[in-house]
Amino acid sequence: MSSSRHRYLRGEPLEDPKCTPGAVSPAVAQANLKSTICRKGGYTSGMRPSTYVTGRENRLNAASYGFTGHMSDAEFDHLLSGVVTA
């Protein structure tokens, strides 16, 4: 039995914020995107754990939603993906 429920925004499924709260980095703001998340060489690789860790987290998170499909068909760890707040 799953303990999380997805919701929809503009027809796209989104995670349950209670199960995937996300985090906002205070170091990233609209004014410094070129030197943070858009910098040459990448931002994510210096911030995220290894794919071994994130893969395991994604599988466990997917299981909490009762998802049994292919992991490439869903995104479970980016509740705030693409969102920048000041």
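Analysis parameters
- Residues numbered from 1 in each chain as written.
- Predicted model: local features only at pLDDT ≥ 70, side-chain atom pairs only at ≥ 80, totals over all residues.
- Heavy atoms only, no water.
- Helix = DSSP H or I, 4+ residues; strand = E, 2+ residues; numbered from the N terminus.
- Contact = heavy atoms within 4.5 Å.
- Areas by Shrake-Rupley, 256 points an atom, 1.4 Å probe, with all protein chains shown as cover.
- pLDDT = per-residue confidence, 0-100.
- Buried < 20%, exposed > 50% of the residue type's maximum accessible area, 1.4 Å probe, protein only.
- Expected span 1.5 Å × (residues − 1).

### Notes on the overall build of the chain
A count of helices and strands for the chain gives two helices and two strands. The secondary structure elements of the chain, listed N-terminal to C-terminal, are β-β-α-α. Long-range pairs, those at least 24 residues apart, make up 54% of the contacts in the chain between residues at least 6 apart in sequence. Put simply, the chain shows about 6800 Å² of open surface, and 56% of that area lies on carbon and sulfur atoms.

### As for the confidence of the model for the chain
Per-residue confidence for the chain gives a mean pLDDT of 76; residues scoring 70 or more make up 80%. Model confidence for the chain, summarised as mean pLDDT per element, is weakest for strand β2 (residues 12-14) at 73 and strongest for helix α2 (residues 51-64) at 84. Every residue in residues 82-86 is under pLDDT 50, and counting partners more than four places away or in other chains gives eight contacts.

### Notes on the environment of T36
You can see T36 is positioned in the loop between β2 and α1 (44-47). Judged by its relative accessible area of 8%, T36 is buried. Here T36 is in contact with A27, V28 and Y43, once residues within four sequence places are set aside.

### Brief notes about α2
The end-to-end C-alpha separation of α2 is 19 Å, in line with the 20 Å expected for 14 residues at 1.5 Å each. When α2 is considered as a whole, its buried residues turn out to be T54, G55, N58, N61, A62 and S64. G66 lies just past α2 and shows a positive phi near 80°.

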